[in-house]
Amino acid sequence: MVKLCLKRFILGGALAAAAALALVAFDLRPATAQTNCESGCGPSPTPTYSPSPSPSPSPYPSPSPSPSPSPNPAPTSSPTPSGASSSGNSIGGLANQRFNQMITNRVLGTVLLGVNEQVNCGDCVSAFGSAGSFSAGIHGRKELTNNLSLLAGIAYTHYDGKGYEITSAPIGAFALRYDFTDWGSSRPFFDVGTILTPWQKARYTRSYDTNLGPVSVTSSTNASNYAVYGRAGWISRLSPRDEVAASVEVWQLWQRVSGYTDSAVAFNPFDATLATGTDRTSLVKLGGQWTHLYGSNIEANINGGWVQSFATHSGIVATVTGQGMVVPTMGNQGWFEYGGRLGFRVQKGWIVDLFANGTLGPQPVGNTIHGGVGLRINY
């Protein structure tokens, strides 16, 4: 019984082992066949193309490099103007203009005091007009006593000089002359008088240089002139046709100019403000004259003299940008003054006069001439 069981157990184990080997052999063969087929038995399968996904755009695209810009030149700043010292020096030019104004006003005023007429003559009145410096007015003389005469006149003037212009300027003048007629044909005489110009419109131009170009500024203001004088002389009646005289005159002149600031111009980096001020000067004049009658209808007069200024003071006090306060000084001046008249007696007591007056000398007085015509009536 035991043996029979043992035989069955061995037979069953052998069968189980044979079955296991068969299963193993079956599993290995398909794997081998599959391997061999993939390596060369059948056509290779066509691979399917799967497109690569298109890249999604970047939300911030990288900029393509732009060419580096050519370097721009550094911005140039506007140049700083220079010329403050030149602007300050131009104030001296204004002082010269105002000195010339004083002298010209005086020369025009002396016409009203009979500077072109003989020292001793009868009563007369003259209406006149002049050019060069425009002037129109009336003047004359009146004998108050045998020795004392009144000389007076008034005129309206418009004149200019180097850098300035005076308009709307009325001039009045009067003087008293004492002539020692009882001393004979050769005798002394004395004058005292004044010239008044209470109001004028004045325009002054100052010019200066800067590194950016020249600057010229013309400004307007008001001015007034006053003068007093005394004269001592000697007159000689050489003949019924000739009279000569020599004299010494002393003058004191004042000129007041209202303050102003430079007028607005396009370019004036160093502007100026001038305060109200009074110019003044003293003068002494050594002069002479000769009056001669040609025939019975023509009379001529020539006169002249040397003038010297002293104690001259400029009233300018200017504040100039970049320079501060500028106060110009004036030196003494010397010049020659001249005058003349040619009279034509058109009928008894009526005389047509041609006359001229002027100055000769260096600046600021310079060379000037004022000529005109008048109708004089003796009565």
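The structure under discussion appears in the preceding block.
A brief report on the enclosed structure follows. (Residues numbered from 1 in each chain as written. Predicted model: local features only at pLDDT ≥ 70, side-chain atom pairs only at ≥ 80, totals over all residues. Heavy atoms only, no water.)

1. Considering the pattern of salt bridges
Any two side chains of opposite charge can pair, given that their charged atoms come close. Stated precisely, the cut-off is as follows: The working definition used for a salt bridge is a side-chain nitrogen of Lys or Arg within 4 Å of a carboxyl oxygen of Asp or Glu. Helix and strand labels come from DSSP, where a helix needs a run of H or I of at least four residues and a strand needs a run of E of at least two; each type is numbered from the N terminus. Whether a residue is buried, partly exposed or exposed follows from its accessible area with a 1.4 Å probe, protein chains only, as a fraction of its type maximum: under 20%, in between, or over 50%, in that order.
Per the counting criterion, the structure on display carries 17 salt bridges. Salt-bridge contacts for E165 lead to R203; the nearest nitrogen and oxygen are separated by 3.6 Å. Remark: R203 occurs in strand β5 (residues 186-210) and E165 occurs in strand β4 (residues 164-179); sequence separation between them is 38 residues. Assessed through its relative accessible area of 26%, E165 is described here as partly exposed. Overall, the relative accessible area of 40% leaves R203 in the partly exposed class. Its salt-bridge partner being R237, residue E243 comes within 3.8 Å of it at the nearest N-O pair. On the basis of relative accessible area, E243 is assigned to the buried category, the value being 1%.

2. Considering the nonpolar core
The criterion, for reference: What makes a nonpolar core is a set of buried Ala, Val, Leu, Ile, Met, Phe, Trp, Tyr and Cys residues whose side-chain atoms join them at distances within 4.5 Å. Any two residues whose heavy atoms approach within 4.5 Å are treated as being in contact.
Core analysis: the largest hydrophobic core is formed by 43 residues, its most contacted members being I91, I103 and Y204. For this core, the secondary structure elements donating two or more residues are α2 (84-111), β3 (148-161), β4, β5, β6 (213-239), β7 (242-257), β9 (272-274) and β12 (318-320). By residue number, the principal contributor to this core is α2, which donates nine residues. The contact partners of I103, leaving out residues within four places of it in the chain, are L253, L283, W335, E337 and V365. Counting residues in hydrophobic clusters, the runner-up holds five residues, among them Y208, V215, V217 and F270.

3. A few points about the environment of K348
Mapping K348 onto the fold places it in the loop between β14 (334-347) and β15 (350-360). For K348, a relative accessible area of 83% puts it in the exposed group. Separated by 51 residues in the primary sequence, K348 and N297 have C-alpha atoms spaced 9.3 Å apart.

4. Focus on the environment of S247
Cut-off, in case you're wondering: In protein, a polar contact requires one atom able to donate a hydrogen and another able to accept it; more generally it is a pair of N or O atoms within 3.5 Å, and residues adjacent in sequence count only if both atoms are side-chain atoms.
Along the chain, the position of S247 falls in strand β7. Judged by relative accessible area, S247 falls into the buried class, the value being 8%. Expressed as a C-alpha distance, the spacing of S247 and L286, which sit 39 residues apart in the sequence, is 6.1 Å. Other than its neighbours up to four places away in sequence, S247 contacts F189, R231, A232, G233, K285, L286 and G287. A distance of 3.2 Å separates a polar atom in the side chain of S247 from a polar atom in the side chain of R231.

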